[in-house]
Structures are given as C-alpha cells and as structure tokens.
Amino acid sequence: MPASSTPPQGDERATLQRLLDRGFPWMRFPAELEARFQQDMVAQRLQHFLLSGIVALLVYNGFLVVDYLMASDVFWLALQIRLFVFTPLAAAVLWAYWRWGPRILAWRLPVLVEGPVLCSGLMAAASLAFILSSSHTALSHYYHVGFIVVIIYGNIVQRLRFWMAVPFSLLVLAMHLGGIVVLDHMPPRLLGPIVIMVVATIVFTLMANYALERDERRHYLLTLREKALVQELAHTHARLMELSKVDSLTELANRGHFQDYLQQVWRRAAPDRTSLALLMVDVDHFKKYNDRYGHPAGDAALREVARVLGSNLRRPGDLVARYGGEEFVAVLPQSSPETASQVAERVRQAVEGLQVRHEGSSTARVLTVSVGVAHGVAGNLASPEALLKQADQALYQAKREGRNRIRLLMQP
Ligand SMILES: Nc1nc2c(ncn2[C@@H]2O[C@H](COP(=O)(O)OP(=O)(O)OP(=O)(O)O)[C@@H](O)[C@H]2O)c(=O)[nH]1
C-alpha cells in the first residue's frame, strides 16, 4: 500500500474490523473507505497497467501469425488493423501514461487507469471481431476462440476491477456473438461449443477476478488495521510517557521528571556558566489543615496551590513540580536572584490571596506558603543537587523565621 495513506481512526477502525470479519461480498467498501482504497491503489494499478500493457501489445501483434494461418484471406487487413491502427494508438496511450504518470496520478482518479484498460480490451475484441467477420476461410470459425484470450487479458492479466470486468466480459461476449451473427456460414456444430467455451471462460475468469480483488482488498484492510494498531500503540506509549511525568493529584510535573529536567537545564547551562534559580515552596502548617478540614480538603488546597504556582511560572523554560507531600519546587533557568525573589514573593502573595481559611495555623488565618529561593551559577556548584540543598536550607530559614515569607540563599 502506498505511503500516502494515513492510518484510520476510531470509528473507521471498527469498520475495518467489521469488513474483515464479515467480508464484502459486493466487492465494495463504504463510500469513504472505497474512495481511499481506489486512490491508494492508483499508483500500483498504473504500474501494473503499463507493464501488462506492453506485454499484451506484443502478444496482440504476435497473433499476426494466427491471422496468417487461420484468416489468410484477410491477412493484409489484419496486418493494417494490428500494426497501423491498434498498435500506434495503444503505444501512444502507454507512452503518455509512462511519460505523465505522476501527473495522471496527481488527479487521483482511478477511472484514468481503469478506463484505458477497459478500452484496450474492447478495442482488441472489436478488431478481432472485425477481422473474423471479414474472413471467409473455414479455419476462421475456429479463430473465434481468440475472444477467450481477450477475456483473459481483461479479467486476469490486467485484473480489471470486478465491477468493470463484468460489463467488459459481457461486451466481449456481445462482440463474439455479433461476429458469429454476421458470419452466415458458421457450422452449427461449431457454434455451440465455441460459445460455450467463451461463456465458460467468462465465468471462470470472473470467479478468479473476484477472488483476486477480494484478496487485494483484504490485504489492504489488514495493512490499514496494522497501521492503526501501530499508531494506537505509539499513542498509548506517548500517553504513558506523559503520565509517567505527571503528578496525578496536582497535574504538575512529578519529582522524577523535575529531576531529569533539572539535570538537562544544568547540562545546558554549565558550559556557559549561566545562572539559574530554584524555588522550594512548602505549605505552612499543612498537617493542622488536614487535621482540621480533612484529607480531601487538604488535597483540594494542594491543587489550588499547584494552580497558583503553574499560573505564576509561565516563562518558557520554567518548570514547576510537586516535589512530595505539600512541597513544590520550581526551576527558573537564566534568572537573576532579583527575578527569582520577585517570582517567589508573587507566589507567596497569590497563595495568601486565595483566602483559604486555615483556623489551625498559628501564622495567619488563611493558607500560606513559605518559599526558599536558591540562586547559583551552573558549573560553579558541583551539581544541581547542591542547588536543591541550598533551596531547602532557604526554605528551612523561612519556616524558622515565622513562615509565610520568602528567603533567598545565594551561592557562596
Ligand atoms: N491532603 C494531603 N495531605 C498531604 C499530602 N501529602 C502530604 N500531606 C500532609 O502534609 C503534612 C505535612 O506536614 P509537616 O511535614 O509536619 O509540615 P506542616 O504541618 O506543613 O508544617 P510546616 O511545614 O512546618 O509549616 C502531613 O500531615 C502530610 O500527611 C497529600 O497528598 N494530600
């Protein structure tokens, strides 16, 4: 299947499975899928049409030998029809398709490929009917089996789509019968067997054509389903990767992801000795909050604090995470101590501004946070862990000095 086709989604996947389970006896998919199938196959069909067309043209002219042996009285007529009418026409069409194939494909109209196949088969049958109805040799009657070759060409070699192969076969049969009708001297004992042979060929080749197309369509469905499964797995994998980075309560990044990110920031900043800041944010007297208002209320309060942090640290490159329990952490790459302190103060005020009642707090009547700010230059400090330790010390200092405040510790 060509790479252009995009894997199916949702409902379409159910349609694929249904078609694979129940089949498609009428040799058609639902409209949208059918259009996509025809379009996806058009390049492959064009290539097949060109290769089979060249071989078929050689075989068609090879029948000059048969003309010579079985319809010798009209050999020159046959020669003219084959070499000067049919061949130049077919060769021109094949050349045009070979030359402008990509442009023809761009139109994405399957009829542009199926049409010439149908026409070439019908023209071959018409030329045969014409040659035979002009000949009066006794052997020309037997030559009517030549229609079998035309039917095989359309239904098996070119593998016309089934719903084109049926009218094609009927039209070739009509030409065959028409050719017989104009031959007033066809021996009756020959007529029946030849017609039966042609009809039997039509029936068998249509059965084979049906089976070939069914297998082609089934293969197409299986490929689409496989693509869909691969896409689904990739999507699930991406989703799991995302989830593995997120804290389920607050939907902020989790501690693991934060640590990976901090390492990355550090690696990028270290060669240029760029500065960065860390904020360590801890909810004040949170144990008492839980004790007084219950754990679910405590969870809701943590989500509110997380929201405040998320909305105050929006600069590209900033990352806020839940570090554990009621503790949050944020990294601010390329930040001065002043900026980091301003952000920390903004966060502190915003949490206080939420006015979440906290009767158990000895600091304020509402929920507050303490923030430790660490600032340093990547590369001067041994590791990002050293900066984290510094932020933790700053937080400890803020707590010790009465909570609901920020403290900054700079790299010595
Ligand atoms: N509701 C809720 N509580 C949590 C969660 N994680 C940790 N806690 C609680 O947070 C509280 C933290 O208590 P402490 O470490 O003593 O700190 P604190 O009471 O905030 O006191 P200070 O930090 O000194 O102001 C503990 O009671 C934990 O049970 C959580 O996910 N949800």
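Bear in mind that the values here come from a model prediction, so they are computed numbers and not experimental data. Each chain has its residues counted from 1, running along the sequence as written. Two thresholds apply to this predicted model, a pLDDT of at least 70 for residue-level local features and 80 or more for giving and counting side-chain atom pairs, whereas whole-chain, interface and lining totals are computed over all residues. Each side-chain value is worked out from all heavy atoms of the structure, with water and hydrogens disregarded.

Quick notes on the UniProt feature "transmembrane region" (unreviewed entry) in the chain
Next up, step 1: UniProt positions are given in the numbering used here, feature names are shortened, and annotations may be inferred rather than shown by experiment. Taking the UniProt record as the reference, the feature "transmembrane region" (unreviewed entry) is found at residues 49–69, 75–97, 109–132, 138–156, 163–183 and 189–212.
Next up, step 2: Each helix is a run of H or I in the DSSP string that is no shorter than four residues. Each strand is a run of E no shorter than two, and both are numbered from the N terminus. The span residues 163–183 is 95% helical and 0% strand by assignment, and the distance between its end C-alpha atoms comes to 31 Å.
Next up, step 3: Helix and strand shares over residues 189–212 are 100% and 0% respectively, and the end C-alpha atoms of the span are 35 Å apart.

Description of the site of the ligand
Next up, step 1: In the region of the ligand, 17 residues are neighbours, and His 285, Phe 286, Asn 290, Asp 299 and Arg 322 sit closest.
Next up, step 2: Residues adjacent in sequence count toward polar contacts only when both atoms are side-chain atoms; beyond that, a polar contact is any pair of N or O atoms within 3.5 Å, and within protein one must be able to donate a hydrogen and the other to accept it. Between Arg 322 and the ligand, the recorded distance is 2.6 Å, taken from a side-chain N or O atom to an oxygen atom.
Next up, step 3: Here Glu 326 contributes a side-chain N or O atom positioned 3.3 Å from an oxygen atom of the ligand.
Next up, step 4: Where the shell around the ligand is concerned, the elements lending two or more residues are strand E1 (275–283), helix H11 (286–293) and helix H12 (295–312).
Next up, step 5: Tallying contributions element by element places H12 first for the shell around the ligand, with four residues.
Next up, step 6: Throughout, the ten residues Ala, Val, Leu, Ile, Met, Phe, Trp, Tyr, Cys and Pro are labelled nonpolar, Asp, Glu, Lys and Arg are labelled charged, and all others, Gly among them, are labelled polar. Classifying every residue of the shell around the ligand by side-chain character gives four nonpolar, five polar and eight charged. One heavy atom within 4 Å of a molecule or strand is enough for the residue carrying it to be called near that molecule or strand.

Quick look at helix H4 (residues 75–99)
Next up, step 1: By definition here, a helix of n residues has an expected span of 1.5 Å times n minus one. Taking 1.5 Å as the rise per residue, H4 with 25 residues should run 36 Å; its terminal C-alpha atoms sit 33 Å apart, in good agreement.
Next up, step 2: We define the bend at each residue as the angle formed by axes fitted to the 7 residues ending at it and the 7 residues starting at it. Where H4 bends most, at Thr 87, the angle is about 35 degrees, and the proline Pro 88 comes one to four residues later.
Next up, step 3: For H4, the full list of buried residues reads Phe 75, Ala 78, Leu 79, Ile 81, Arg 82, Phe 86, Thr 87, Ala 90, Leu 94, Ala 96 and Tyr 97.
Next up, step 4: On its buried side, H4 packs onto helix H2 (31–62), helix H3 (64–70), helix H5 (101–106) and helix H6 (111–134). Categorising residues by exposure relies on relative accessible area from a 1.4 Å probe, with only protein chains included: less than 20% of the type maximum marks a residue as buried, more than 50% marks it as exposed, and the intermediate range marks it as partly exposed. Two residues qualify as a contact provided that any one of their heavy atoms is within 4.5 Å of a heavy atom in the partner residue.

Some words on the pairing of strand E2 (residues 319–324)
Next up, step 1: E2 sits mainly inside the fold: five of its six residues count as buried.
Next up, step 2: One requirement defines pairing of two strands: DSSP has to find at least two bridges between them. Pairing geometry for E2 and strand E3 (residues 327–333), over five bridges, is antiparallel. Opposite Gly 324, over in E3, you have Glu 327 as the bridge partner.
Next up, step 3: In this antiparallel pair of consecutive strands, E2 and E3, the connection spans two residues, and Gly 325 shows a positive phi of 50 degrees.

Describing the packing of helix H10 (residues 255–269) against helix H14 (residues 384–400)
Next up, step 1: Running from amino to carboxyl end, H10 crosses H14 at an angle of 115 degrees, the nearest separation of the two axes being 10 Å. Of H14, the residues touching H10 (which contributes Phe 258, Leu 262, Gln 263 and Trp 266) are Pro 384, Glu 385, Leu 387 and Leu 388. Axes here refer to lines fitted to C-alpha atoms; in helices the fit is confined to the stretch in contact. Angles between the N-to-C directions go from 0 to 180 degrees.

What to know about the pairing of E1
Next up, step 1: Of all nine residues in E1, nine are buried; the element is thus mostly enclosed.
Next up, step 2: A two-sided burial pattern is seen for E1, the buried positions comprising Ser 275, Ala 277, Leu 279, Val 281 and Val 283 on one face and Leu 276, Leu 278, Met 280 and Asp 282 on the other.
Next up, step 3: As judged from the nine bridges shared by E1 and strand E4 (residues 369–377), these two strands associate in the antiparallel manner. Bridging from a neighbouring strand, Ala 277 pairs with His 375 of E4.
Next up, step 4: When E1 meets E3, the two strands line up antiparallel, connected through seven bridges. Directly across from Ala 277, in E3, lies its bridge partner Leu 332.

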